[in-house]
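These are the residues of each chain, in order.
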Amino acid sequence: MIFTVLIVLLSVIFYDAVVSETLLSVRRCLEIIIPSLYGSMLIACLVTNTGLHSVSGKIFSLPSRIIFHMPPEIFSIFLISNVSGYPAGAKLLKNLLDEGKISEEEFSRYCCFCFSSGPAFISGVSGHSKTGLIIFISNLTANLIAAFISGIKIKKQPDYISKGKCSFSCSTLLDSADSTARGMLQLCSVIIAFSVLKAVFSASGIIRTLSELISSVTNLSLSDSMAAIMSVMEITSISDFSGYSRGTVSLMAAIFSSGGICVIMQIFCIAGKNLNRKRFTAFRLLSASLSYCICFILYTFFCRDIAASASTFKIHSPDQPLMPSLLLIVMSIMLISMDKDKKTNKKTSAEI
């Protein structure tokens, strides 16, 4: 309660900073989040709603059951979540939990590694294809290691959780589009909400003080230290890093792997009380550390060409036209509204 009142007061005091940061976060959502994540999240929903993940899971039967000790369908969801973006894994697993196909213990375990920003989002933020690829490979490898570690104590080989049937219809497409629209609006809403906290902490001097402390004990510049703190709070601020040095890119990989506070809070909201939060946080910290080390090694061997000119690069947000994203938001709101009206009409008819 005291914290909330304090934030409200500081928001009034630093009104200009809050407005500026909010507008910037809206632009990031329109230019980065929606263009880079909408398509992959829609495909993820289609794959699971049609049951394609159950069919494709048979391909990964041996490694998933013997090495990672998970059902093949879950390994398919693992791959989908690592390509589609942060909320996808938790949402898909929550659907399986609600349907009674996995237990709470399994749900908590799978959420620990079905978690990634996805290559499209990484490339959209970083602005350099080779760097984005190195970061994605580092995150994926770290999640594979986390999946293996989480299954070490499991001795029994898991069975299939479904019969592996695949079907498609128009309603499946509409349901997938509706689910994706809701997910995107929720994601963007939380990002914009966190922009207020970032603005308050930045304008009050808290972030600068912490950045100076970090800069004094590390090789990071003051601007990169500030970018690191801001991106730990909300992941899209990772675009504020100033270059592509080995240390900077490795740090970016770690932050992408952790997801930042904003994304983690979204996962907590999606999972509710079904998630073991301490376990989840511990595995995200482990994956972030592994991502840093893996990226550091990969960068040494594969990114020497950009290391020499790291200071000339500037990580940027792509200058995309805003109209397509705005139209997509409007259509998403209309779709959600239509779905809500449909459910209301069904409820009214049932009561009659």
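Predicted model, so just to flag it, every value in this text is computed and none were measured. (Residues numbered from 1 in each chain as written. Predicted model: local features only at pLDDT ≥ 70, side-chain atom pairs only at ≥ 80, totals over all residues. Heavy atoms only, no water.)

Turning our eyes to something else, we now look at helix α2 (residues 15-49). Here α2 contains 35 residues, and its C-alpha end-to-end distance of 44 Å is more than 12% below the 51 Å for a straight helix at 1.5 Å per residue. Along α2, the sharpest kink reaches roughly 45°, centred on I33 and followed within four residues by the proline P35. A positive phi of about 85° marks G51, the residue just after α2. (Helix = DSSP H or I, 4+ residues; strand = E, 2+ residues; numbered from the N terminus. Expected span 1.5 Å × (residues − 1). Bend = angle between axes of the 7 residues up to and from the residue.)

Turning our attention to a nonpolar patch on the surface. Nonpolar side chains collect at one region of the surface, where L62, I66, I67, I145, F148, I149, I152 and L286 lie side by side and expose about 690 Å² of accessible area between them. Within the residue set of the nonpolar patch, elements represented by two or more residues are α4 (61-67) and α9 (129-150). Mapped onto the elements, F148 comes out in helix α9. Note on F148: relative accessible area 41%, which makes it partly exposed. (Patch = residues over 30% accessible without salt bridge, like charges linked within 9 Å, V, L, I, M, F, W, Y side chains within 5 Å. Areas by Shrake-Rupley, 256 points an atom, 1.4 Å probe, with all protein chains shown as cover. Salt bridge = Lys/Arg side-chain N within 4 Å of Asp/Glu carboxyl O. Buried < 20%, exposed > 50% of the residue type's maximum accessible area, 1.4 Å probe, protein only.)

Turning to the pattern of salt bridges, a few remarks are in order. Counted by the stated rule, this structure contains 6 salt bridges. Notably, a salt bridge pairs E21 with K198, separated by 3.3 Å at the nearest N-O pair. With E21 in helix α2 and K198 in helix α10 (residues 170-203), the pair connects residues that are 177 residues apart, well separated along the chain. Each member of the pair E21 and K198 is classed as buried. The salt bridge involving R279 is made with E105; its shortest N-O contact spans 2.8 Å. One end of the pair, R279, is in helix α15 (residues 277-302); the other, E105, is in helix α7 (residues 104-111), with 174 residues separating them in the sequence. It is possible to trace a salt-bridge network through shared partners that takes in E21, K198 and E234.

Spanning 22 residues, α9 covers 31 Å between terminal C-alpha atoms, matching the ideal 32 Å at 1.5 Å per step. All of the buried residues along α9 are T131, G132, I134, I135, F136, S138, N139, A142, N143, A146, A147 and S150.

On to the side chain of S138, then. Within the fold, S138 resides in helix α9. The exposure class assigned to S138 is buried, which follows from its relative accessible area of 0%. Not counting residues up to four positions away in its chain, the partners in contact with S138 are S291, I294, C295 and L298. (Contact = heavy atoms within 4.5 Å.)

Glancing now at the packing of aromatic side chains. Evaluated as defined, the whole model comprises 10 aromatic pairs. Geometrically, the ring pair formed by Y110 and F113 is edge-to-face, given 6.2 Å between the ring centres and 65° between the ring planes. Assigned by exposure class, Y110 and F113 land together as buried. Ring geometry for F268 versus F280: centroids 5.9 Å apart, planes at 65°, classification edge-to-face. Here F280 lies in helix α15 and F268 lies in helix α14 (residues 260-271), a separation of 12 residues in the sequence. Residue F268 is classed as buried on the basis of its relative accessible area, which comes to 16%. For F280, a relative accessible area of 0% gives the class buried. Taken together, the ring pairs in this structure connect Y86, F115, F121, F256, F268 and F280 into an aromatic cluster. (Phe/Tyr/Trp six-rings, centres within 6.5 Å; stacked < 30°, edge-to-face > 60°.)

Function cannot be inferred from these measures alone, as they are strictly geometric.
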